[in-house]
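Read off the chains here:
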Protein chains: 2
Amino acid sequence: MSHHRTFLINGSFDQAISAFDRGFAYGDGVFRTMQIRNGLPVNWPLHYQKLVADCAAIGIVCPSAELLMNDLQQLFPVNEFDENEIKVAKIIITRGEGDRGYAPPAVTAPTRAVIKSAMPQYAALNYAQGVNLRVCETRLATQPKLAGIKHLNRLENVLARMEWREDAIFDGLLLDQQGHVIECTMSNIFARFDNKLITPDLTLCGVAGITRQRILWLESVLGLTVQVTSITLDQLLQADEVIICNSLYGVFQVNSIGAKSWQQQKLASIIRNALIHD
Amino acid sequence: MSHHRTFLINGSFDQAISAFDRGFAYGDGVFRTMQIRNGLPVNWPLHYQKLVADCAAIGIVCPSAELLMNDLQQLFPVNEFDENEIKVAKIIITRGEGDRGYAPPAVTAPTRAVIKSAMPQYAALNYAQGVNLRVCETRLATQPKLAGIKHLNRLENVLARMEWREDAIFDGLLLDQQGHVIECTMSNIFARFDNKLITPDLTLCGVAGITRQRILWLESVLGLTVQVTSITLDQLLQADEVIICNSLYGVFQVNSIGAKSWQQQKLASIIRNALIHD
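Residues numbered from 1 in each chain as written. Chains lettered and ligands numbered in written order. Predicted model: local features only at pLDDT ≥ 70, side-chain atom pairs only at ≥ 80, totals over all residues.

**Remarks on the overall build of chain A**
Okay, step 1: When its secondary structure is counted, chain A shows nine helices and 14 strands.
Okay, step 2: Taken against the 2.2 N^0.38 rule, which gives 19 Å for 278 residues, the C-alpha radius of gyration of chain A at 19 Å falls within 12% of a compact globule.
Okay, step 3: If you line up chain A on its principal axes, its C-alpha atoms span 50 × 45 × 35 Å.
Okay, step 4: A total of 278 residues make up chain A; the buried ones form 47% of that total.
Okay, step 5: Long-range pairs, those at least 24 residues apart, make up 71% of the contacts in chain A with a sequence separation of at least 6. (Helix = DSSP H or I, 4+ residues; strand = E, 2+ residues; numbered from the N terminus. Rg over C-alpha atoms; globule rule 2.2 N^0.38 Å. Buried ≥ 20, exposed ≤ 12 C-beta atoms within 10 Å, placed from the backbone. Contact = placed C-beta atoms within 7 Å.)

**Regarding the interface of chain A and chain B**
Okay, step 1: Across the contact, 47 residues belong to chain A and 47 residues belong to chain B.
Okay, step 2: Listed by contribution, the elements that provide at least two residues to the side of chain A that touches chain B are strand S1 (7-9), helix H1 (22-26), strand S4 (86-94), strand S5 (111-118) and helix H5 (155-161) of chain A.
Okay, step 3: For the side of chain A that touches chain B, the element with the most residues is H5 of chain A, which contributes six residues.
Okay, step 4: Partitioning the side of chain A that touches chain B into residue classes produces 24 nonpolar, 14 polar and nine charged. (Nonpolar A, V, L, I, M, F, W, Y, C, P; charged D, E, K, R; others polar.)

**Section: the domain arrangement of chain A**
All names here are of chain A.
Okay, step 1: When cut into domains, chain A gives domain 1 (7-118) and domain 2 (124-276).
Okay, step 2: Using only C-alpha atoms to locate each centre, domain 1 and domain 2 end up separated by 26 Å.
Okay, step 3: At the junction of the two partners, domain 1 supplies 17 residues and domain 2 supplies nine residues.
Okay, step 4: By residue number, the principal contributor to the side of domain 1 that touches domain 2 is strand S2 (residues 29-37), which donates seven residues. (Domains from an automatic or database assignment.)

**Regarding helix H3 (residues 65-75) of chain B**
Residues and elements named next belong to chain B.
Okay, step 1: Within H3, burial applies to Leu68, Asp71, Leu72 and Leu75. One side of H3 carries all its buried residues, which in axial view fall inside an arc of 95°.
Okay, step 2: Tucked inside the fold, the buried residues of H3 contact strand S1 (7-9), strand S2 (29-37), strand S3 (40-41), strand S4 (86-94) and strand S5 (111-118). (Arc of directions from axis to C-beta.)

**Some points on the sheet that holds S1 of chain B**
Residues and elements named next belong to chain B.
Okay, step 1: Spatially, five strands are ordered S1-S5-S4-S2-S3 in an open sheet, and the strand pairing comes out antiparallel. Strands with a single pairing partner mark the edges of an open sheet, and in this sheet they are S1 and S3.
Okay, step 2: As paired strands, S2 and S3 are joined by two bridges and run antiparallel to one another. Looking at the pairing, arginine 37 lines up with leucine 40 of S3.
Okay, step 3: Sitting on the sheet, helix H2 (residues 44-57) touches S2, S3 and S4, and the angle it makes with S2 is about 175°. (Pairing = 2+ DSSP bridges. Axes fitted to C-alpha atoms, helices over the stretch in contact; angles between N-to-C directions.)

**Focus: the sheet that holds S4 of chain A**
Residues and elements named next belong to chain A.
Okay, step 1: Spatially, five strands are ordered S1-S5-S4-S2-S3 in an open sheet, and the strand pairing comes out antiparallel. At either end of the open sheet lies a strand with only one pairing partner, and these are S1 and strand S3 (40-41).
Okay, step 2: Where S1 and S5 come together, three bridges link them in antiparallel fashion. Looking at the pairing, isoleucine 9 lines up with alanine 113 of S5.
Okay, step 3: Along the sheet, helix H2 (residues 44-57) makes contact with S2, S3 and S4, crossing S2 at roughly 175°.
Okay, step 4: Strands in contact with helix H3 (residues 65-75) are S1, S2, S3, S4 and S5; relative to S5, the strand with the most contacts, it is inclined by about 35°.

**Overview of the nonpolar core**
Okay, step 1: Core analysis: the largest hydrophobic core is formed by 156 residues, its most contacted members being Val114, Ile243 and Phe252 of chain A together with Val114 and Ile243 of chain B.
Okay, step 2: Residues within four places of isoleucine 243 of chain A in sequence aside, it is in contact with Phe190, Val251, Phe252, Gln253, Val254, Leu267, Ala268 and Ile271 of chain A. (Core = buried A, V, L, I, M, F, W, Y, C linked by C-beta atoms within 7 Å.)

**Considering the pairing of strand S6 (residues 131-135) of chain B**
Residue and element names in this part refer to chain B.
Okay, step 1: With three bridges joining them, S6 and strand S13 (residues 250-257) adopt parallel strand pairing. In the strand pairing of S13, asparagine 132 is matched with serine 256.
Okay, step 2: Where S6 meets strand S7 (residues 169-175), four bridges bridge the pair, whose relative direction is parallel. Within S7, the position partnered with valine 135 by the bridge is leucine 173.

**Regarding the relation of the copies chain A and chain B**
Okay, step 1: Superposition record for chain A on chain B: RMSD 0.0 Å, screw rotation 180°, translation along axis 0.0 Å. Here the copies are linked by what is in effect a two-fold axis.
Okay, step 2: The fraction of interface residues of chain A whose copies in chain B are also interface residues reaches 100%, indicating that both copies meet through the same surface. (Least-squares fit on C-alpha atoms with pLDDT ≥ 70 in both.)

**Some points on the confidence of the model for chain A**
Okay, step 1: For chain A, the mean per-residue pLDDT works out to 95, and 98% of the residues sit at or above 70.
Okay, step 2: Reported for the predicted complex are a pTM of 0.96 and an ipTM of 0.96. (pLDDT = per-residue confidence, 0-100.)

**Focus on unusual backbone geometry**
Okay, step 1: Of note, the phi angle at asparagine 38 of chain A is positive, near 50°, even though the residue is not glycine.
Okay, step 2: Note that asparagine 38 of chain A resides in the loop between S2 and S3.
Okay, step 3: Classification of asparagine 38 of chain A as partly exposed rests on a count of 16 C-beta atoms within 10 Å.
Okay, step 4: Look at aspartate 194 of chain B: it is not a glycine, yet its phi comes out positive at around 50°.
Okay, step 5: Examined against the element boundaries, aspartate 194 of chain B turns out to sit in the loop between strand S9 (188-193) and strand S10 (196-200).

**Structural notes on the environment of glutamine 15 of chain A**
Residue and element names in this part refer to chain A.
Okay, step 1: Checked against the element boundaries, glutamine 15 lands in the loop between S1 and H1.
Okay, step 2: For glutamine 15 and leucine 222, which are 207 residues apart along the polypeptide, the C-alpha to C-alpha distance reads 47 Å.
Okay, step 3: Sequence-distant contacts of glutamine 15, defined by excluding residues within four places in its chain, comprise Ile9 and Asn10.

Pasting the structure below:
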């Protein structure tokens, strides 16, 4: 792997992650992944707001927006972008260095790592025709203190993602221990039943992404009644249509979940269009 | 913090943790903490066995015992030890570096980080008279796929440990979401009821430490019937005595849990003595 100038640690190209960083020791931190277009982070206010909220939820003081924007500008100089080129920034904020032991030091200085990568090449067919999901055997644990937060404790997602290797499967559906649908390994999920658009309640587990939030705000534009509620797998499979979303690919129509398939539907493309104009 | 020659990354004093390490990105790894006496890891066969088992449980091939022993010998040269001096080694094994995304690369090379620290100074009173616990508000999530494993996803322990600052509280008791006693933030727990010694079942959450295992093996030596079972907080508070254990301090008698206190008892000292001779 060539890592030349592909990451910044605390604003420096020359730093590495300390072996004493609590992000490394305990996953004691949070992160975000976002598109960068022409050197600028897409939907930055929402990403930063979420970063601050997630940090606060575990007692970390998030670095200022100015500091992070400065990092992004250093790592993504605008003259390195071709027209309409999109790159990806991942921002990791940890509680910083600490001695051995779970108790944080009395004074901590958060670590910020900003990592550059190329935009994944999503197949044009995924946008035109949709994607296939599988139901993961790995189920999400119920933890109200961490639910909704995009924290660094992501072994459940890793184990779930290790369940398949077929390229034909775009993402894996994650249920909670009681069999409710929560999300996919890297996506949030919505289901339409007639004129009702439902997305799972994430107060007990799952990650509340910002594209999910942006779709929730589209209620009046879409002419659908939006509901955040709990939904079982059986109920999901009876939906009129299902879509998934995240900050990189945007929105995809779901063609199939395991043996269940849907005829080609239009909701993903309608929402994609609405999001462009929101 | 002075980190001079206090850690080895993949056998080298000059390496750091990569910003792309999956241990940092996702807590995708496991760890162990052990005493080093006169340059040698105490209870090494059990620690290594557990490291291999924990790695295997999340699909990591653990580095060889030879490699890790070589690291320990480099980091803890025997001539740096005073007589009877104890230092602490923490071994972290991660899945290694990866690109963005939960799917591990087709070929991975695990990262091994070995970190040296001083032995914590436990108060002599803790050994002579026992310790006090509090009941944590943070409860452990149920995740059978990760239960028992000492993995790097430890935000629950961090949040629980952040609940108190008083030095008088040695550790915090962790319950599961249903109110069963599981462990403490850095300790396993046992309760004696007459001639029965009970320790919580850890098949749904918790970390199964090696000192817990060594105590389970003492059954016949102690003349107690040992049972691994589920136990509620109310039941625990009715125990004749309670002890906690880990690989660093060994075994401590519990004097109190919140408002409940016990008269001074002897089980911890009996077990400490038995462990020395096992």
